[in-house]
Amino acid sequence: MRGCSSVSEAEKAPSPALSRTLSRLRARVFPSPTPVDSPAPLAGEGRGERARRRQQDLTKWAITTPPFVFLTAFFLLPFLLVVAASFRYPGEFGGLAPLLPLLGAPGKDVGLTLETYRFFFGDLTYAEIFIRSFLVAGLTTLICILLAYPVALLIARSPKKRRDLMVLLVILPFASNLLIRVYAWIIILGPLNLLYTPYAVVIGMVYVHLPFMVLPLYTNLEKHDPALLEAAQDLGANGWTRFWRITFPLSLPGIFSGSALVFIPVLGMFAIPELLGGTGDILVGNLIKEQFLDNRDWPLGSMLSIMLTLAVLALAGLAAWAARSRRGEA
Amino acid sequence: MALLEIQGVTRRYGDLVAVDDVSFSVESGEFFTLLGPSGCGKTTLLRMIAGFEDPDRGRILLDGKDLAGTPPEKRPVHTVFQSYALFPHMTVRDNIAFPLRMAKKSEEEVRQRLQETLDQVHLADKSRHYPHELSGGQKQRVALARGLVNKPRLLLLDEPLGALDAKLRERMQLELIGLQRDVGVTFVFVTHAQQEALALSDRIGVMNEGRVEQLDEPSRIYGFPRNRFVADFIGDINLLESEVLEANPAHLKLQVAGLGEIAAPPTAGIKPGDKGALALRPEQLRIAPHGSPQELKNHFPGTVLDFLYLGDVTVYKVALPNGVVMDALLANSAPGRAKFFETGDAVEMAWRHDAGLFLRE
């Protein structure tokens, strides 16, 4: 977007000579038998233009409608259902209690309520689990950055022919099922006396999410112009300085997108804490899953999902604000 | 002592000899240009001076000190890259201050040098902009400023004007000359554009296939090319294949197949029987309507095959009786006169007996 600004400027303001040539050309292509100031040919041209624009609009609609419908039906509506569910009572055998006291179901918990929210803010255990989850996600993200950066750099600086193979190796673990890979970690961590500890949870999280950090970082680093590093070296920067002054700041967008791809899924991940962690290592993901599958308390689970979404959004907003104010300072 | 000395430098890539036993020296304060077609080794030579590549043989001396083993960041040599290589995440100011910060100059000195340099390249009002917000010419000036700000012993310029359009190129050429004069830094400039080289340089080294073919002042390179390659590469030239009939200190008499005898200026070391070509610049040829009286000895009838109207001048392609086509250039200085001849016109082509240069095979 940034890089295109000069092009669009040039398009917006054609030189007088160019526009003169263009109008002369147009006059030759559409010779008007009537005097130039006659409105008839102009109107005809306008109609053609309008038809073309209508055609373009139609194409735009045809292309954007399917994904729009899909996202509305399978993302927005379910999300609204979750929001609605969080204000209701749990059903006796799972699901939700009826909204209206119907015949044959004279339960007392009927209608809308703020019960789940009161529950959430009244019990510090939830805050504790949320904070722990964010800490685990943050730590996982940090370790992923530290581990992925050298790998991504190595791939990006390798000969072009070898890069595809290396990327393939990075995504190869996806070829086998997540649970199988996590069970493999049970076998590895068991003898090391790390199984069912918070360490095991973080190790598992890092292992599963590492490719999501490597790929965006590699995509970013691969685009760097090698001439920039040569210029920096030429102007007196040694290897370390070149990395911190050129490579690293230019890779920040890659780090950000990689972090988003790691941080957010880790918050919702329940399989790894369940299989590798101890009883005290429950994360938000486990908590939510428990409400739906074990406790049959859909409203509570829904409320927790919403809280998680809000927390992530708040964090993302904070990050965006911080990035913007930093750029403003510079 | 020369500032930069290149002594027998050779660089190979596998079987390809990119730079082949090149030797020359550059004086302090000089605007020196390496000119040649792409692949002639000029950029490789530049990269060796900058330190990005090492010579396989030979030495590169700066102020009499061998640069071998000194990495690029330790050489008092800066480069202006063809792509400019401006740091996209830094403002104009930070880009230009980069070499000063690398040299650990005091904040006070950084500020002062920055202001000076920004003024020199007329970018004071753009100092807070990012490179993507600048035009091509402005980017070019930032790259120049960044290369010059820390006063290197030597500034290397790798086709820095290549990406600019013709008009801007001309303006930047003038700015470049002015800037070099102001700061007094020695420039080593690499280009494949012969006009640029002629316009800018104190001296030019013409390179071909890894070797320096001729090293001289621009007017000598243009007027007295040493061989066919230089004659052909610099400007436009007509080559008349000929054999020497008579050689004396005053003039040469040449035999041109299908055309007869012509007179040419003498060159040292030419003997009768030598084969070669008489090189004539288009502006040295005169054409007149057929049958007009001729006072010059070298004159031949010809036919206009074609002409190129270039505004200020018109280039006429004239076929001589032996089938050779010569380019002759006529200035359109008379008001309203765009051309003097039409395609198919019979003309008389002539040139002075002391025009041209005989180049031996």
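Here goes a summary of the coordinates provided.

Criteria and cut-off values
Residues numbered from 1 in each chain as written. Chains lettered and ligands numbered in written order. Predicted model: local features only at pLDDT ≥ 70, side-chain atom pairs only at ≥ 80, totals over all residues. Heavy atoms only, no water. Helix = DSSP H or I, 4+ residues; strand = E, 2+ residues; numbered from the N terminus. Buried < 20%, exposed > 50% of the residue type's maximum accessible area, 1.4 Å probe, protein only. Contact = heavy atoms within 4.5 Å. Areas by Shrake-Rupley, 256 points an atom, 1.4 Å probe, with all protein chains shown as cover. Patch = residues over 30% accessible without salt bridge, like charges linked within 9 Å, V, L, I, M, F, W, Y side chains within 5 Å. Salt bridge = Lys/Arg side-chain N within 4 Å of Asp/Glu carboxyl O. Pairing = 2+ DSSP bridges. Phe/Tyr/Trp six-rings, centres within 6.5 Å; stacked < 30°, edge-to-face > 60°.

**As for the overall build of chain A**
Item 1. Regarding its fold elements, chain A presents 13 helices and 0 strands.
Item 2. Here chain A holds 330 residues, and 33% of them are scored as buried.
Item 3. Partitioning the contacts of chain A with sequence separation of at least 6, the portion at a separation of at least 24 is 71%.
Item 4. Total accessible area on chain A stands at roughly 21400 Å², and carbon and sulfur atoms take up 70% of it.

**A short note on a nonpolar patch on the surface**
Item 1. Taken together, the side chains of Phe70(A), Leu71(A), Phe74(A), Phe75(A), Leu76(A), Leu77(A), Phe79(A) and Leu80(A) present a nonpolar region at the surface, about 840 Å² in accessible area.
Item 2. Here Leu80(A) lies in helix H3 (residues 39-85).

**Quick look at the sheet that holds strand E1 (residues 4-13) of chain B**
Residue and element names in this part refer to chain B.
Item 1. On the basis of which strands lie adjacent, the open sheet formed by 4 strands has the order E2-E1-E4-E5 and antiparallel pairing. Each edge of the open sheet is held by one strand with a lone partner, namely strand E2 (16-26) and strand E5 (65-66).
Item 2. Bridge count between E1 and E2: 7 bridges; the pairing is antiparallel. Bridging from a neighbouring strand, Leu4 pairs with Val26 of E2.

**Quick notes on the packing of aromatic side chains**
Item 1. Applying the stated criterion to the full structure yields 26 aromatic pairs over all chains.
Item 2. Considering the side-chain rings of Phe120(A) and Phe130(A), the 5.5 Å spacing of their centres and the 80° angle between planes classify their relative orientation as edge-to-face. Separated by 10 residues along the polypeptide, Phe120(A) in helix H4 (residues 115-122) and Phe130(A) in helix H5 (residues 124-156) bring together distant segments of the chain.
Item 3. Pairing Phe300(B) with Trp351(B) gives two aromatic rings, centres 5.7 Å apart and planes at 35°, and the pair type is tilted. Remark: Trp351(B) occurs in strand E19 (residues 346-351) and Phe300(B) occurs in strand E16 (residues 298-309); sequence separation between them is 51 residues. For the residue pair Phe300(B) and Trp351(B), the accessibility class agrees, reading buried in each case.

**Concerning the pairing of E1(B)**
Residues and elements named next belong to chain B.
Item 1. Following E1, the chain reverses through 2 residues before pairing antiparallel with E2; Gly14 in that reversal takes a positive phi of roughly 65°.
Item 2. Looking at chain direction, E1 and strand E4 (residues 57-62) are connected through 5 bridges and run antiparallel. Directly across from Leu4, in E4, lies its bridge partner Leu62.

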